[in-house]
Amino acid sequence: MKILHLISGGDVGGAKTHVLSLLEGLGKTQTVRLVCFMDGPFAQEARELGIDTVVMDCGVAASIRALARMIEDERFEVVHCHGARANMTGAILRRTIHVPIVTTVHSDYKLDYMHSFLRRQTFGRLNSAALRLMDYHVTVSDTFKKMLIQRSFRPSRIQTIYNGLDFSQKTPDFDRGEYLRQQGLNYTPGDVVMGIAARLTPVKDIPTLLRAFAKARQEEKRLKLLIGGDGEDMDKLKAMASQLGVSDSVCFCGWVSDIGKFFKSCDIDVLCSISESFPY
């Protein structure tokens, strides 16, 4: 089977991990191609994994025409969309091509743009409409399948497929204390390190974690908090940590490239997002 996957190409974190893992595995038995609408680390990493990757950064109209020709000329049998931009592209393509259009629902699409009223009223509404035009929906958990059914999506066109995890990848031994101090954490032997790796956006609800951490640390002074990730809320969250009086025990280490070392350095992994179902 020939499957064409569409994604914006600017994705990070779980969405990137999901798509690259999926295509790397699927490519062993099927013919797959990844189309990104921008070049960058996502497309480069896909190429390094041996995934057939094409970048189309020529604008919406030109991309639609090029994709329609590609699908027809090379006889792709399925188009699989990931994310809002890909969904909107797939919805438009559906009018001119005659192959199934599938999308994977990675999150509650009504919360994806909760941090921006303008984006919620534009991209959010367009994505909601595009999702209704998909032929099939893949959800990464039963929770999201129930969510779609409750919102009147057709149950017979929804299939739950859990995220694939590669357990063969191992993190080599390393000096935990040295790593934590390199990240900027005020670590001393005996500390209990809580950690979260996430985009610093409202949907991840880091403020709840900071308030909980501040309360917990009143009773357990050994607690330290390591926050990996970047986003528009970084400055607000740093200010909040200061207001709560825990700045010396909280480290915002920014973007994490070696996620294996990050989690292996933590005693307690935390997830406080208000929209997760099967997080990586």
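In what follows, the accompanying structure is described.

1. A word on the overall build of the protein chain
In step 1: Check the secondary structure of the protein chain and you find ten helices and eleven strands.
In step 2: In terms of C-alpha radius of gyration, the protein chain reaches 21 Å, essentially the compact-globule figure of 19 Å for 280 residues.
In step 3: In the protein chain, once contacts between residues fewer than 6 apart in sequence are set aside, the share between residues at least 24 apart is 67%.
In step 4: Charge separation in the protein chain, taken as the distance between the mean sites of 36 positive and 32 negative side-chain charges, equals 7 Å.

2. Here's the deal with the environment of Phe 174
In step 1: Within the secondary structure, Phe 174 is located in the loop between β7 (158-160) and α7 (176-183).
In step 2: Relative accessible area serves as the criterion here: at 25%, Phe 174 is assigned to the partly exposed category.
In step 3: Taking the C-alpha atoms as reference points, Phe 174 and Lys 261, 87 residues apart in sequence, are found 8.1 Å from one another.
In step 4: With sequence-adjacent residues up to four places away left out, Phe 174 is seen in contact with Tyr 179, Lys 261, Lys 264 and Ser 265.

3. Some points on the sheet that holds strand β3 (residues 53-55)
In step 1: On the basis of which strands lie adjacent, the open sheet formed by seven strands has the order β3-β2-β1-β4-β5-β6-β7 and parallel pairing. The open sheet is flanked by β3 and β7, the only strands paired with a single partner. Ignoring strand direction, the axes of neighbouring strands in this sheet form an average angle of 25°.
In step 2: For strand β1 (residues 2-7) and strand β2 (residues 31-36), the ladder comprises six bridges, and the chain directions are parallel.

4. As for the pairing of strand β10 (residues 250-254)
In step 1: Most of β10 sits out of view: five of its five residues are buried.
In step 2: As paired strands, strand β9 (residues 223-228) and β10 are joined by four bridges and run parallel to one another. Looking at β10, one finds that Leu 225 is bridged to Val 250.
In step 3: For the crossover that starts at β9, traverses helix α9 (residues 234-243) and ends in the parallel β10, the hand is right-handed.

5. Considering helix α1 (residues 13-26)
In step 1: For α1, which comprises 14 residues, the first-to-last C-alpha distance of 20 Å matches the rise-based estimate of 20 Å (1.5 Å per residue) to within 8%.
In step 2: For α1, the full list of buried residues reads Lys 16, His 18, Val 19, Leu 20 and Leu 23.
In step 3: The elements touched by buried residues of α1 are β1, β2, α2 (41-48), β4 (78-82) and β5 (101-105).

6. Some details on the pattern of salt bridges
In step 1: Here the structure, examined in full by the defined rule, presents ten salt bridges.
In step 2: Across the salt bridge formed by Arg 47 and Asp 39, the nearest N and O atoms sit 3.3 Å from each other.
In step 3: Notably, a salt bridge pairs Asp 135 with Arg 94, separated by 3.0 Å at the nearest N-O pair. Residue Asp 135 is located in the loop between α5 (117-132) and β6 (136-139), and its partner Arg 94 is located in the loop between α4 (84-93) and β5; the two are separated by 41 residues in the primary sequence.
In step 4: Among the residues examined, Arg 94 registers a relative accessible area of 38% and is labelled partly exposed.

Rules behind the numbers
Numbers given to residues run from 1 along each chain, matching the order in which its sequence is written. Residue-level local features of this predicted model are given only where pLDDT is at least 70; pairs of side-chain atoms are given and counted only at 80 or more, and the full residue set underlies all totals for whole chains, interfaces and linings. Where side-chain values are given, they derive from all heavy atoms of the structure, hydrogens and water being excluded. A run of DSSP states H or I qualifies as a helix once it reaches four residues; a run of E qualifies as a strand once it reaches two. Both are numbered from the N-terminal end. Only C-alpha atoms enter the radius of gyration, while the globule expectation follows 2.2 Å times N to the 0.38, with N the number of residues. Contact criterion: two residues are considered in contact whenever any of their non-hydrogen atoms come within 4.5 Å of each other. Counted as positive: Lys and Arg. Counted as negative: Asp and Glu, with His and the chain ends omitted from the count. Here the site of a charge means atom NZ of a Lys, CZ of an Arg, CG of an Asp or CD of a Glu. Three labels apply to residues, based on accessible area from a 1.4 Å probe with only protein chains included: buried if under 20% of the type maximum, exposed if over 50%, partly exposed otherwise in between. By this definition, two strands are paired if DSSP reports at least two bridges between them. Fitting a line to C-alpha atoms yields each axis, with helices limited to the stretch in contact; the angle taken between N-to-C directions then spans 0 to 180 degrees. Viewed with both strands pointing away, a crossover whose connecting path from the first strand over the helix to the second turns clockwise is right-handed. A helix is expected to span 1.5 Å for every residue after the first. Any carboxyl oxygen of Asp or Glu that lies within 4 Å of a side-chain nitrogen of Lys or Arg is treated as forming a salt bridge with it.

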